[in-house]
Amino acid sequence: MLSSQIQNLNFTKTFRLLPPKPSIASRGKNCFPTFHKQRKCFPRNKTSLSLVASVSTGIDKPLLSETPYSEAVSVKATITVKITPRWFISSLGTLTQSADKILEIICKNLHLELVSSELDPKTGLEKDTIKSYNQTALGINNLIVVTLEANFNVPEGFGEIGAVLIENEHDREIFVDSVVLEGFPTGAVTISCNSWVQSKNDDPKKRIFFTTTSYLPVDTPNGLKRLREEELENLRGNGEGERQPFERIYDYDVYNDLGDPDTSDDLARPVLGGKEHPYPRRCRTGRPPTKTDPLSESRSDDIYVPRDEAFSWLKQASFGLNKLKALFRTIVPILGGLFGKEEFSSFTNIDLLFKEGTELPNSVKQFYDTDTLLPEIVRAFKKIKRLLKFDAPQLFDSDRFSWLKDEEFSRQTLAGLNPICIRLVREQEWPLKSELDPKIYGPPESLITKEIVEKEIGCSMTVEEALKKKRLFILDYHDLLLPYVAKVRELEGTTLYGSRTLFFLTDEGTLKPVAIELTRPQIGDKPQWKQVFTPVYDDSTAGWLWRLAKTHVVAHDSGIHQLISHWLRTHCCVEPYVIASNRQLSEMHPIYRLLRPHFRFTMEINAFARLQLINGGGTIEKTFSPGKYSMEISSVIYDKLWRFDEEALPADLIKRGMAVEDQSAEHGLKLTIKDYPFANDGLILWDAIKQWVTDYVNYYYPEANQITSDNELQAWWEEVRTKGHGDKKDELWWPVLNTQQDLIQVLSSIIWIASGHHAAVNFGQYGYAGYFPNRPTIARTNMPTEEPWKTEFKDFLKDPVRALLNCFPSKLQATTVMSVLDILSSHSPDEEYIGYTSEASWEANSTIKAAYEKFSKTVKELEATIDERNKDLKNKNRFGAGVVPYELLKPLSGPGVTGKGVPNSISI
């Protein structure tokens, strides 16, 4: 219905507003152009400008033109405006209004002014702006696009256009996509807006949009210097008051809105950010404090993000609809009543979620009839059967028993959902030992002994030889989790251990599990307990204990993946880069334009996470082992382990012992495990990103002193360090921006984290964890051998399958996580993939355009490389019978859950 109504508007119709034809000398109230005086700036002794590429610096600079306009130039502006269903409703009250009315509203209320790049050579003031006349609405095309046309008479000597000012007199915001000016002797001028212009009733300031020409601060034309600084001041705000939805203000705050102490003491959470709990900063909203705790910010259903950071309407529609589908499937109020604390009775019962589904109760009808949803969404829901049924994940379809295999358990540490935690055991680390205080946590020595290891790896080599040959690897969550074991065990329905899992690299290049050690620290009058479990195939009891131990380890890995590899290292740590870029880098700064595509929608999805996922009582706390301590643990790990200089892929691999520098090797690194799919594919993408950034930076900064003297760039990096990551501002490892190589490394690291790293840990979530026995997010019961005198051990011996099912998530927990992961693993129809989406400012510069095309070609070649690698049987960690091919770093994807695709940004 909605689509057909918009399609009826898909036509071209002219609607004009015809003011008197302007006179250049005209200054009357009702004539065009209307002039206004502007503040004095430093004079510049140039009478006319044209755009010429500077040979000496490689930067597009405005140079003196010897051919000034001999007479007024008639210029046509084509303005592209995008409208949304919500705009239809808010502006017109209905979707059935005529197209004439829509065209009239936009044409009548949107006003443009041209800004010269020059100062007046006589007065040293900014030149008067020029307003349009004879503005025409050409029509509505492609369902959602309105095209306007405006005309200008640009007088002799006005100089090159540097920006446009846009004013919106409508009482609703209007999304302006672009402005193209045609008629100049030097060619068309493009202004890429891609932004909401607010009603002057909400924001009386005219919006400033600069052309696609990029300028370092020192090269800014004199006529634009004031506007450049004014726009940055507008974006910084004054740090006061509660932010409004229409604003575009970027500022910092701590994570003090995760708890809800006014609702319940149980929902109070510590403030993350500061000396006690170091953490990156989020965007400030200015909401009032809670009544119970003045340090905590009150919660609301709508969390402010700067207007241009919000989802596009298509992204919002697809994400929102998917979310509502998931809520329809497993919304807690419905499923809580259906399942309660019910557990899965059998593995067949689990399989039914994908095969036949489970009928939901009639109470779901209440969800259908809510009047808080748009009518078209409600109508869509009424077509859906009341059936709880999930799409089968890729792992389930490939081999639904693979999760039981030790080979798959090991393989996923290299080619699964969390391939960035496995690390080499170095010789100096053996024997394994805890670094925690033994007075608090008990004896530090590991029970994984030389004898155990050598028994498991066979007679092929000793432990010492294995260490020397780099054949032992570990997932080590022992010291990270052990301090929280006692706290977590006080919570209902969950448990925790400190864990170590040791692997051996076989001659075939695959990992083999050697041992799992689980530790409970001394708690009260209970002494420390620890036990080592090994793969056993000829002892039923030991075999089932091994399966239970793997369940605990995978639950630990799931928590570390979601809280650290995913949330902390991508979403959370990138938000300060977004804020600092908008506060300190002008929109016309080349580095802003390089980074901007990699920040698309990140703040919006982070706000949603604070609202529903990582908040007190949210999805993470209810479904992951650490419970209410989940975010606090992420703060501890940020404090102990996060370093910006180790976020680049090569540095991360070297830190974990998974690679060593070797200039003779491909990518300048020699991998410790040759068949390491995440690293194999990731290094190709990393090299491509770094080469693209190198070409870009060297073009705009041919000399190192241009970097040190760039006040915006230096202020940006200083703010990232001292405000965005202020709790680590005094660390000595922070890079200093002194050379081109310094800047290249910093920018490449940010782009990699926002694109490749995030894709690798995000878009396989449903594929690997949708079938939750493969990756349970929580282990709910202790190992039966921890207290063998209790009935739990007898129950385990009697029915080990039941014991394993009891350890798995409950029905409510599992289906909630499955629904959320289905959403988080999805690509929206308007996704922008790395190497596939250029920017207007890059296209406008022939050198940058050529560099991006080279980058794009390399990225597209990665597609074919991954396809070839996934056909080679020698690559056992990514290909084989029942093995899910490793495609998470394959750059391009269609919409939905695909298990591949690398978007530019953290957009979900």
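Here, every reference points to the structure presented above.
These notes cover the structure that comes with them. Small disclaimer: the values here were computed from a predicted structure and weren't measured. (Residues numbered from 1 in each chain as written. Predicted model: local features only at pLDDT ≥ 70, side-chain atom pairs only at ≥ 80, totals over all residues. Heavy atoms only, no water.)

1. Quick look at the packing of aromatic side chains
Here the structure, examined in full by the defined rule, presents 35 aromatic pairs. Here the aromatic rings of Tyr-577 and Phe-644 are separated by 6.1 Å at their centres, their planes lie at 85°, and the arrangement is edge-to-face. With Tyr-577 in helix H17 (residues 540-584) and Phe-644 in the loop between helix H21 (630-641) and helix H22 (649-655), this residue pair connects regions lying 67 residues apart in the sequence. For the pair Tyr-577 and Phe-644, a shared accessibility class is recorded, and that class is buried. (Phe/Tyr/Trp six-rings, centres within 6.5 Å; stacked < 30°, edge-to-face > 60°. Helix = DSSP H or I, 4+ residues; strand = E, 2+ residues; numbered from the N terminus. Buried < 20%, exposed > 50% of the residue type's maximum accessible area, 1.4 Å probe, protein only.)

2. Observations concerning the sheet that holds strand S12 (residues 207-210)
Sheet architecture is open: four strands sit in the order S6-S5-S9-S12, paired in antiparallel fashion. Where the open sheet ends on each side, the last strands, each with one partner, are strand S6 (130-131) and S12. The pairing of strand S9 (residues 161-168) with S12 spans four bridges and is antiparallel. Opposite Val-164, over in S12, you have Phe-209 as the bridge partner. Against the sheet, helix H4 (residues 222-236) touches strand S5 (110-116), S9 and S12, its axis set at about 120° to S12. (Pairing = 2+ DSSP bridges. Contact = heavy atoms within 4.5 Å. Axes fitted to C-alpha atoms, helices over the stretch in contact; angles between N-to-C directions.)

3. Structural notes on the pairing of strand S21 (residues 529-533)
Burial within S21 is extensive, with four of its five residues counted as buried. In the sheet, strand S20 (residues 511-520) pairs with S21 via five bridges, with the strands oriented antiparallel. Each bridged residue has a counterpart across the sheet, and for Thr-519 the counterpart in S21 is Lys-530.

4. Some thoughts on the packing of H17 against helix H26 (residues 740-762)
In the contact formed by H17 and H26, the axes pass within 10 Å of each other and the chain directions differ by 155°. Here H17 is positioned roughly antiparallel relative to H26, judged by the angle of their axes. Handedness of the H17/H26 crossing: left-handed. Across the interface between the two elements, His-561, Ser-565, His-566, Arg-569, Thr-570, His-571, Val-574 and Tyr-577 from H17 touch Ile-750, Ile-753, His-757, His-758, Val-761 and Asn-762 from H26. Taken together, the residues of the contact of H17 with H26 break down into five nonpolar, eight polar and one charged. (Parallel < 35°, antiparallel > 145°, perpendicular 65-115°, else oblique. Left-handed = near helix turned anticlockwise from the far one by under 90°. Nonpolar A, V, L, I, M, F, W, Y, C, P; charged D, E, K, R; others polar.)

5. Here we look at the environment of Ser-199
Structurally, Ser-199 can be placed in the loop between strand S11 (189-197) and S12. For the pair Ser-199 and Arg-172, spaced 27 residues apart in the sequence, the C-alpha separation amounts to 5.5 Å.

6. Some points on the sheet that holds strand S17 (residues 423-424)
Adjacent strands of a sheet form backbone hydrogen bonds with each other and so pair up, either parallel or antiparallel. Taken together, the five strands give an open sheet; going across it, the order is S17-S18-S19-S20-S21, and neighbouring strands pair in antiparallel fashion. Only two strands of the sheet have a single neighbouring strand rather than two, namely S17 and S21. Where S17 and strand S18 (residues 472-476) come together, two bridges link them in antiparallel fashion. Looking at S18, one finds that Arg-423 is bridged to Ile-474. Contacting S18, strand S19 (498-505) and S20, helix H11 (residues 406-415) crosses the sheet at an angle of about 85° to S20.

7. Quick notes on the environment of Ser-116
Relative to the elements of secondary structure, Ser-116 occurs in strand S5. Taking relative accessible area as the criterion, Ser-116 reaches 3% and is therefore assigned buried. With sequence-adjacent residues up to four places away left out, Ser-116 is seen in contact with Lys-127, Phe-158, Gly-159, Glu-160, Gly-162, Gly-223 and Leu-224. A distance of 3.0 Å separates the side chain of Ser-116 from the backbone nitrogen of Glu-118, its partner in a polar contact. Within the structure, the side chain of Ser-116 is placed 2.5 Å from the backbone oxygen of Phe-158, a separation counted as a polar contact. (Polar contact = N/O pair within 3.5 Å; in protein donor to acceptor, adjacent residues only side chain to side chain.)

Distances and angles like these do not, on their own, reveal function.
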